[in-house]
Amino acid sequence: MSKKYHEVIIKKDFLLRNSGPLFEDPTEVDVRVLKWDPKDPTEEYLFDMVGVDASIANSFRRIIIDETPGVAFEYVFINPDHDNELPDDMLSHRVGLVPLNIDPRIVDFAPKPVQLDNDQQEQFDFDEYPDFSHIDHFVFDLQVENPSSAKEAITVHSGDFVWRPNPGQKEKFGNTPPAPLFPKIALTKALPGQKVSLRAVAIKGLGKDHSKFSPTATTFYRILPVITFKEDIVGKEAKELVKTCPVQVFDIEDTGKAFVKNPRSCTMCRECVRSYSFSDKIELKRNPRHFLFSIESCSPLSPSEIFIESTKVLIQKCDTLTESLREQVEKLNIGSSSSSSSF
């Protein structure tokens with residue numbers, strides 16, 4: 001390993017000061033927000049990440065999906081009086097995917113997983129379970145009954161969950177009581193005379209363990225298309241080019257010359273260069289250092305907050321790698337000095 005790359009790797013703040021191949025120029029690294037509505041935390045968050053390598057952009061994408069914490073239902077206990085057409089396992093799966101409004105930043109990971117047999121589940125008392133955390137486990141009850149006198153089925157929604165605060169939780173979460181983030185999610189239907197009766201327990205987790213813990217619905221990036229004209233396209237050819245593009249990337253100036261109006265809309269379908277008329281006049285490329293990011297939230301965190309949390313995770317990983325490399329270098333130095341002294 002060369003001295004240059006050795007210094008780059010073991011620097012604690014290499015994300016800002018790296019002069020290796022991951023960054024062309026540290027002064028040109030930039031994040032440009034294009035679309036964000038702070039009044040709607042679940043709104044799509046669009047931004048450009050410029051001046052970095054694809055490995056860095058992909059690291060952010062994977063950390064956002066897999067390693068940014070979230071809170072979701074982990075345990076579902078079906079009560080003995082439960083009676084519903086939907087199988088218990090399918091209902092439990094649907095319950096587990098309901099997003100909650102609990103901020104994962106003020107919750108710790110649960111100490112141990114709750115493992116109970118069938119007899120314990122029917123008469124489960126959280127206060128008697130030694131590994132149960134009153135602060136980090138969130139208990140919800142779902143009790144919906146459709147009277148026998150009813151003439152039609154009723155829909156059971158996520159908003160029918162009722163939070164059962166544990167000791168100390170009201171003081172910590174009273175201003176924003178834990179509840180499903182979207183109350184209109186349909187879970188099942190109850191026919192006349194049926195009852196949905198269960199208890200669900202939520203904990204903090206990571207998307208790499210289960211996607212229900214991931215705070216984002218979709219996170220992806222595209223590489224910025226670069227479209228250049230090798231020669232001017234005017235007149236009838238310009239009109240033909242505009243019609244050729246299915247996503248309206250091109251337009252015509254007042255002078256009658258075609259120009260690239262919406263390069264971000266380009267999907268690289270290559271329809272514009274399939275035609276013999278334009279194959280030698282248009283060049284399609286991608287800018288390998290310019291990424292168009294999109295984040296959609298399905299958690300109480302806004303997309304911008306999710307991105308900030310992902311940077312913290314990446315910095316922590318860098319710190320861990322730095323410390324590990326430093327320890328290895330120290331061991332190598334000690335080993336080399338011992339070998340030289342033996343001679």
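Shown above is the structure to which this text applies.
Residues numbered from 1 in each chain as written. Predicted model: local features only at pLDDT ≥ 70, side-chain atom pairs only at ≥ 80, totals over all residues. Heavy atoms only, no water.

Caption draft 1: Structural view of the side chain of Ser 214. With respect to the secondary-structure elements, Ser 214 resides in the loop between strand 8 (195-205) and strand 9 (216-229). A distance of 3.0 Å separates the side chain of Ser 214 from the backbone oxygen of Ile 65, its partner in a polar contact. Discounting chain neighbours no more than four positions away, the residues touching Ser 214 are Ile 64, Ile 65, Gly 207 and Cys 298. (Helix = DSSP H or I, 4+ residues; strand = E, 2+ residues; numbered from the N terminus. Polar contact = N/O pair within 3.5 Å; in protein donor to acceptor, adjacent residues only side chain to side chain. Contact = heavy atoms within 4.5 Å.)

Caption draft 2: How the structure looks around helix 4 (residues 88-96). The complete set of buried residues in helix 4 reads Leu 91, Val 95 and Gly 96. Along helix 4, the residues classed as buried sweep out an arc of 140° about the axis, all on the same side. Taken together, the buried residues of helix 4 touch strand 3 (70-78), strand 7 (186-190) and strand 8. (Buried < 20%, exposed > 50% of the residue type's maximum accessible area, 1.4 Å probe, protein only. Arc of directions from axis to C-beta.)

Caption draft 3: Spatial organisation of the sheet that holds strand 3. Here we have 4 strands laid out as an open sheet, ordered 3-8-4-6, and antiparallel in their pairing. Lying at the two open borders of the sheet, with one neighbouring strand each, are strand 3 and strand 6 (162-164). Across the sheet, the mean angle from the axis of one strand to that of its neighbour is 30°, orientation sign disregarded. Against the sheet, helix 4 makes contact with strand 3 and strand 8, and its axis sits at roughly 155° relative to strand 3, the strand it touches most. (Pairing = 2+ DSSP bridges. Axes fitted to C-alpha atoms, helices over the stretch in contact; angles between N-to-C directions.)

Geometric descriptors of this kind do not, in isolation, establish any biological role.
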